[in-house]
Structure formats: C-alpha cells, structure tokens
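# Descriptive analysis of the structure
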Amino acid sequence: MTDTNFDSEQNGGGLRSLTPPFRPGEVWLVGAGPGDPGLLTLHAVNALAEADIVIYDALVDKRVLALARAGAVLEYAGKRGGKPSPQQADITRRLIALAREGKRVLRLKGGDPFVFGRGGEEALALVAAGVPYRIIPGITAGLGGLASVQIPATTRGTNQAVVLATGHAAEGSDEDPDWAALARLGQPIVLYMALANLPRITAALMAGGADGATPVAVVSSATLPNARVVETTLARAVADATEAGLEAPAIVAIGAIVSLREQLRSGIAPDASQDGADE
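Residues numbered from 1 in each chain as written. Predicted model: local features only at pLDDT ≥ 70, side-chain atom pairs only at ≥ 80, totals over all residues. Heavy atoms only, no water.

Turning to the overall build of the chain, a few remarks are in order. A count of helical and extended segments in the chain gives ten helices and eleven strands. Within the chain, buried positions represent 46% of all 279 residues. Of the contacts formed within the chain by residues at least 6 apart in sequence, a portion of 69% connects residues at least 24 apart. Here the chain displays about 14,100 Å² of accessible surface, and carbon together with sulfur accounts for 54% of that area. (Helix = DSSP H or I, 4+ residues; strand = E, 2+ residues; numbered from the N terminus. Buried < 20%, exposed > 50% of the residue type's maximum accessible area, 1.4 Å probe, protein only. Contact = heavy atoms within 4.5 Å. Areas by Shrake-Rupley, 256 points an atom, 1.4 Å probe, with all protein chains shown as cover.)

Here it is as structure tokens:
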C-alpha cells in the first residue's frame, strides 16, 4: 500500500519541482483560464509567484491577480471592444522593453493565449526581437466555460467536430468567417466575442441553411459566481439574450450539444458552485 501522507512543506516542494524556472529577461505568455481561479494550471500559479511584473488583460479575475507575489507590479493592458484600449503594438513593445531590463515578465491573458488571445502575434514579435519566451496554456472559455454549465463540446452521439469561431473581426478588418460555409458543416459552433454581432451572425447562419430551431446557449461570465445561461434557438437567440440583459464576456454555443444540458444538469452535484443560473 502506497503512503500518500505528505506534510505541506514536502508537498509544496513537490509541486514546485513540477514547474519550469522563470528566469530574468523572459516573457511568459500565460493563460488564466475562463475566470475561476481554481482552473489555473500549476505553471500559471508558479509564474504569478515569481513574476516581477504582470501585464494583464481585462478578463483576468481579481482573485487570480491576488496570487501575484508581494512586490510584483500589476499593469493593466486590457482590450475591450468599443472601449478605449491599449494598442497591440504598444503592448508588444512594452513586453520587449521590460524583458531587456532583466524583468521576469508575465503576460496574463484570459482563457488560452493561443485561442483568440493574440498570443501568437506577441510570440512572433518576441522571436523577432530575440526575447526568450514560454507559452503556458490555459483552459479556453469556449470549452471550459461550456463544461462549467454542463454543455459538452463533443459527444459521440452528437458531433464529430466542433468549430471555434470569433464573432469579432480583427482590428482594421471587416472580414467575417464564411458563416454560410460553417452552417453547411452541420457541426456545433462555439462563438467567442460574438454578443454585439449576434444579430448579423445568426442571420448569416440561417441564410446559409442552418435551421432556426437549432439549439443555442448564451453563457455570460462562465465559471464565475455571477454566471448566467440563456437556452434558446438560433431564430430566438438575439431576442432572448437581449430580453435577459446578458452582457459580455459571453460564449455562444450553437448545435445539438446544447440539448444535452438539461439531462446533464439534472445530476450535477448539489454543492457545485459554478452552475450557471438559467434565465
């Protein structure tokens, strides 16, 4: 029989030994997950404990920032649609300058840095500048946020693929995904940053052949105590989300996977804290 009784000091040392060293002059692009601090990775917690400066996005929960070591500088660099925001080029220059000063620089992003998080752009800039960096993946909201309200991204009985798409075009671009082509796939679609453009997106999907009765869930503030969920249909999604007063950040799931929520929700543990209030 294996003895698993470790004292806290031994266990803490063991956990620390699993994480890589954060060296001066490095930039770590770290995913903070969809919001709930309990969904941070060990690498992310270690980075917060060692960073000299944390440059964080708008959607990073304050409880996550509270895990930064005493003396670390916290610098806001959030970008929110429709609101004055730092320019991406300025953020990247800041990361490079701080690294060249010998700082341990933590670029903290909601979700995963490489899923609609500009992490790829920043990593390419760091490579071009000769600044060493590390990627610390995080749980992306489009998967973890749905799971937190009992919507599986895939099941064998519903889908063979899932599409992750942004509902917000990149700066300086008015190009949308080919919604008609996505509608023809017949696979679930998970939309990020889509609430403001939901009228245009739902109309384009239906024009492309998607059934207006297709199940839809709009999940606001996923994994957080104030999470809210509206279950509706593609034809009713805009009206129902508006009537409920849902606000960003929100994830929109479209497809048969949404229909499984009622059955899965019926068996959820009674003490589940991130259950999502239905509207």
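Next comes the rest of the account.
So, about the sheet that holds strand 8 (residues 215–220). Sheet strands associate in pairs through backbone hydrogen bonding, adopting either a parallel or an antiparallel arrangement. As summarised here, the arrangement of the six strands in space is 6-7-10-8-9-11, forming an open sheet in which the pairing is mixed. Of all the strands in the sheet, just strand 6 (163–166) and strand 11 (277–278) have a single pairing partner and so form its edges. Direction of pairing for strand 8 relative to strand 9 (residues 228–233): antiparallel, over a ladder of six bridges. From the neighbouring strand, Val-218 faces strand 9, where its bridge partner is Val-230. In this fold helix 9 (residues 237–244) packs onto strand 8 and strand 9, with an angle of close to 150° to the strand it touches most, strand 9. (Pairing = 2+ DSSP bridges. Axes fitted to C-alpha atoms, helices over the stretch in contact; angles between N-to-C directions.)

This paragraph deals with the sheet that holds strand 1 (residues 27–31). Reading across the sheet, the five strands line up as 3-2-4-1-5 and stay open at both edges, with parallel pairing between neighbours. Single-partner strands in this sheet number two, and they are strand 3 (73–76) and strand 5 (133–136). Each strand axis lies, on average, 20° off the axis of its neighbour in the sheet, ignoring direction. Here strand 1 runs beside strand 4 (residues 105–109); their pairing, made up of five bridges, is parallel. Paired with Leu-29 across the strands is Arg-107, a residue of strand 4. Along the sheet, helix 5 (residues 119–129) makes contact with strand 1, strand 4 and strand 5, crossing strand 1 at roughly 170°.

Let's shift gears to the pairing of strand 8. Among the six residues that make up strand 8, five are buried, leaving the element largely enclosed by the rest of the structure. Here strand 8 runs beside strand 10 (residues 250–254); their pairing, made up of five bridges, is antiparallel. Residue pairing for strand 10: Ala-217 is matched across the bridge by Ala-253.

A few words now on the packing of helix 4 (residues 88–100) against helix 5. Packing of helix 4 against helix 5 leaves a shortest axis separation of 10 Å and a crossing angle of 45°. Taken together, the axes of helix 4 and helix 5 are oblique relative to one another. Helix 5 is crossed by helix 4, and the crossing has right-handed handedness. Two secondary-structure elements touch here, helix 4 through Gln-88, Ile-91, Thr-92, Leu-95, Ile-96 and Arg-100 and helix 5 through Glu-121, Glu-122, Ala-125, Leu-126 and Ala-129. Residue composition of the contact of helix 4 with helix 5, by class: six nonpolar, two polar and three charged. (Parallel < 35°, antiparallel > 145°, perpendicular 65-115°, else oblique. Left-handed = near helix turned anticlockwise from the far one by under 90°. Nonpolar A, V, L, I, M, F, W, Y, C, P; charged D, E, K, R; others polar.)

Here the focus is the nonpolar core. Ranked by size, the top nonpolar core spans 23 residues in total, and within it Leu-191, Leu-205 and Ile-254 carry the most contacts. Listed by contribution, the elements that provide at least two residues to this core are strand 6, helix 7 (179–185), strand 7 (189–192), helix 8 (198–207), strand 8, helix 9 and strand 10. In contact with Ile-254, other than residues within four places in its own chain, are Pro-188, Ile-189, Leu-191, Leu-205, Thr-214, Pro-215, Val-216 and Leu-234. (Core = buried A, V, L, I, M, F, W, Y, C linked by side-chain atoms within 4.5 Å.)

As a further point, take the packing of aromatic side chains. In the structure shown here, the tally under the stated rule is three aromatic pairs. Geometrically, the ring pair formed by Tyr-56 and Tyr-76 is edge-to-face, given 5.5 Å between the ring centres and 65° between the ring planes. Taken together, the residues span a long stretch of sequence, with Tyr-56 in strand 2 (residues 53–56) and Tyr-76 in strand 3 at a distance of 20 residues. Under the relative-accessibility criterion, Tyr-76 is labelled partly exposed at 45%. (Phe/Tyr/Trp six-rings, centres within 6.5 Å; stacked < 30°, edge-to-face > 60°.)

With respect to the helices, strands and loops of the structure, Thr-19 is situated in the loop between helix 1 (8–16) and strand 1. By relative accessible area, Thr-19 is classed as buried at 13%. A distance of 3.4 Å separates a polar atom in the side chain of Thr-19 from a polar atom in the side chain of Asn-46. Ignoring sequence-local partners within four residues, the contact set of Thr-19 consists of Leu-42, His-43 and Asn-46. (Polar contact = N/O pair within 3.5 Å; in protein donor to acceptor, adjacent residues only side chain to side chain.)

So, on to a nonpolar patch on the surface. Taken together, Phe-116, Leu-143, Leu-164 and Met-193 make up a surface patch of nonpolar side chains, about 320 Å² in accessible area. Along the chain, the position of Leu-164 falls in strand 6. (Patch = residues over 30% accessible without salt bridge, like charges linked within 9 Å, V, L, I, M, F, W, Y side chains within 5 Å. Salt bridge = Lys/Arg side-chain N within 4 Å of Asp/Glu carboxyl O.)

With that settled, consider helix 4. For the α-helix, the turn length of 3.6 residues means that residues three or four positions removed from each other point alike. The terminal C-alpha atoms of helix 4 lie 19 Å apart, and with 13 residues this matches the ideal 18 Å at 1.5 Å per residue to within 8%. Of the positions making up helix 4, those classed as buried are Gln-88, Ile-91, Thr-92, Leu-95, Ile-96, Leu-98 and Ala-99. With its buried residues spanning 165° around the axis, helix 4 presents them on a single face. Facing away from the buried surface of helix 4 by more than 90 degrees, the exposed residues are Arg-93 and Arg-100. The inward-facing, buried residues of helix 4 abut strand 1, strand 2, strand 4 and helix 5. (Expected span 1.5 Å × (residues − 1). Arc of directions from axis to C-beta.)

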